[in-house]
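Architecture at a glance
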Amino acid sequence: SEVISLLKMVERLTCQHFFTVLPTSAPQTAVAELVKGLPWIFSGESVHLKCSVPGNVSAEWRYRWFRGGEQLLESEYFVLWKARPQQSGKYYCQGLRTTWINTQHTLHSLPIEIEVDGGWAILQAPPLPMLVGETMTLTCRVRNNPKLTEVILYKDGVELQIQRGPELRVTNLTLQHHGSYWCRASWDGRRETNSVISVAAPVSIIEVLTEPMLEIVPNDPLIHKDRMLLVCHVQLNARQPVPHIHYYFYQDGLSLGPASSQDKVTVLRDSGQYWCKASVPTLGLKRLSEPLGYGRVTGKHKGPVVSLQPRPPTFPDAASDSPNTLSCDVVVSDDGTMVWRDFF
């Protein structure tokens, strides 16, 4: 009995030690990718998808594929061979592996939407939003790839371009280019002219730098009661590598300090009109928020123009927009006060 009691004690200690040192981590996420084919295809064409778990090349993972809530098969690759329109849908995968403890499951991957078109024409448009100023390429694909004699591009029912080739380019994009596009393709065959129209494809255009929005937080528990927090909310939609944003803050047209890489600043709690500015020097972009009043505002201010803040004795070039320098010149007012004028 003493031997049995000793063995049970050792077992309890071993289990306690094991569970205290066993590392825990959040579930990993599988990645589904399109390795061959296009997300929008004609019926009869094929698409190849692959599932993986990042950072686990040597791990013995298995993979399950799903469409909607239906489990399809278990394989690293999934092939839609001679696809049919009814196979359109959102495809995603999950990784799993069996250890000596249990079976581990990853989170589901982000879905890949596959559209199988039974028609004669497809307008291939960018799947992700385009940026203002970029050039967009659209391709009018026709089943069996005949030699086209004319391609017409439409946007929201209005004719935009006419040309012979299947590729259509829209340059210097603006927000007005956002909308639905489709194409009409024509070709000659069997002593007659054939013409087909594609289904409409949505195109999204977004600003590179959105308009900033200033938020005033007067009672932040992490700062002194005599101060308040200013937060400049803005979104930068840029291709890699993503450049840095420089932030400026103003009160009643006066600068509250030099540029900073931080989107927030603490200031003395004071009535007035406040603004913030976001600048991306490498892209030549600057945008100013709408004014936001706090407390008793006594006058109207058109925007940040002049700064009365003390400055270091050395002054950089006015064209500079670095967060470590200031863009300003110095003038003297009628009463002899030195005034630093900030350039927007």
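Per an unreviewed UniProt entry, the chain goes by the name Ig-like domain-containing protein and belongs to Oncorhynchus kisutch.

With that settled, consider the nonpolar core. Of all hydrophobic cores here, the largest spans 20 residues; its most connected members are Leu-123, Met-136, Leu-138, Cys-140, Leu-153 and Tyr-181. Of all the secondary-structure elements, those providing two or more residues to this core are β10 (121–124), β12 (136–142), β13 (148–155), β15 (167–170) and β16 (179–189). Not counting residues up to four positions away in its chain, the partners in contact with Leu-138 are Leu-123, Gln-124, Ala-125, Pro-126, Leu-153, Pro-166, Glu-167, Leu-168, Tyr-181 and Val-203. Core analysis: the next-biggest nonpolar cluster, separate from the first, contains 18 residues, Leu-80, Ala-83, Cys-93 and Ile-114 among them.

Let us now look at the sheet that holds strand β3 (residues 47–52). Taken in spatial order, the three strands make up an open sheet running β1-β3-β6, and their pairing is antiparallel. Each of the sheet's edge strands pairs with one partner strand only, and the pair in question is β1 (31–36) and β6 (77–80). Within this sheet the neighbouring strands show an average axis-to-axis angle of 25°, counted without direction. In terms of strand pairing, β3 meets β6 through four bridges, oriented antiparallel. The residue bridging Leu-49 from the neighbouring strand is Phe-78, located in β6.

Once that is clear, we can look at unusual backbone geometry. That bond from Gln-240 to Pro-241 is cis: its omega, -10°, falls within 30 degrees of zero. Looking at the secondary structure, you find Pro-241 in the loop between β21 (227–233) and β22 (246–251). A positive phi angle, near 70°, is found at Asn-144, a position not held by glycine. Examined against the element boundaries, Asn-144 turns out to sit in the loop between β12 and β13. When its relative accessible area of 65% is taken as the criterion, Asn-144 is described as exposed. You will see that Asn-172, though not glycine, has its phi angle at about 50°, which is positive. When its relative accessible area of 54% is taken as the criterion, Asn-172 is described as exposed.

This next bit is on the layout of surface pockets. By volume, the largest pocket is sized at about 580 Å³. Around the largest pocket, the lining is made up of 17 residues, and of these Pro-39, Trp-40, Ala-125, Pro-126 and Pro-127 lie nearest the centre. Looking at the lining of the largest pocket, the elements that each hand over two or more residues are β9 (112–117), β10 and β18 (201–203). Considering only residue class, the lining of the largest pocket consists of 13 nonpolar, two polar and two charged.

The next thing to look at is the sheet that holds β12. Overall, antiparallel pairing links the three strands, which are arranged β10-β12-β15 in an open sheet. If you trace the sheet from one side to the other, it starts and ends with β10 and β15, each paired once. Averaged over all pairs of adjacent strands, the angle between strand axes in this sheet comes to 20°, irrespective of strand direction. Pairing of β10 with β12, which is carried by four bridges, proceeds in the antiparallel orientation. Bridge pairing in β12 links Gln-124 to Thr-139.

About the criteria used
Residues numbered from 1 in each chain as written. Predicted model: local features only at pLDDT ≥ 70, side-chain atom pairs only at ≥ 80, totals over all residues. Heavy atoms only, no water. Core = buried A, V, L, I, M, F, W, Y, C linked by side-chain atoms within 4.5 Å. Buried < 20%, exposed > 50% of the residue type's maximum accessible area, 1.4 Å probe, protein only. Helix = DSSP H or I, 4+ residues; strand = E, 2+ residues; numbered from the N terminus. Contact = heavy atoms within 4.5 Å. Pairing = 2+ DSSP bridges. Axes fitted to C-alpha atoms, helices over the stretch in contact; angles between N-to-C directions. 1 Å grid on protein atoms, 1.4 Å probe; cavity = no way out; pocket = protein on both sides within 12 Å on 5 of 7 lines; lining within 4 Å. Points joined across faces, edges and corners; volume = space filled by probe spheres on them. Nonpolar A, V, L, I, M, F, W, Y, C, P; charged D, E, K, R; others polar.

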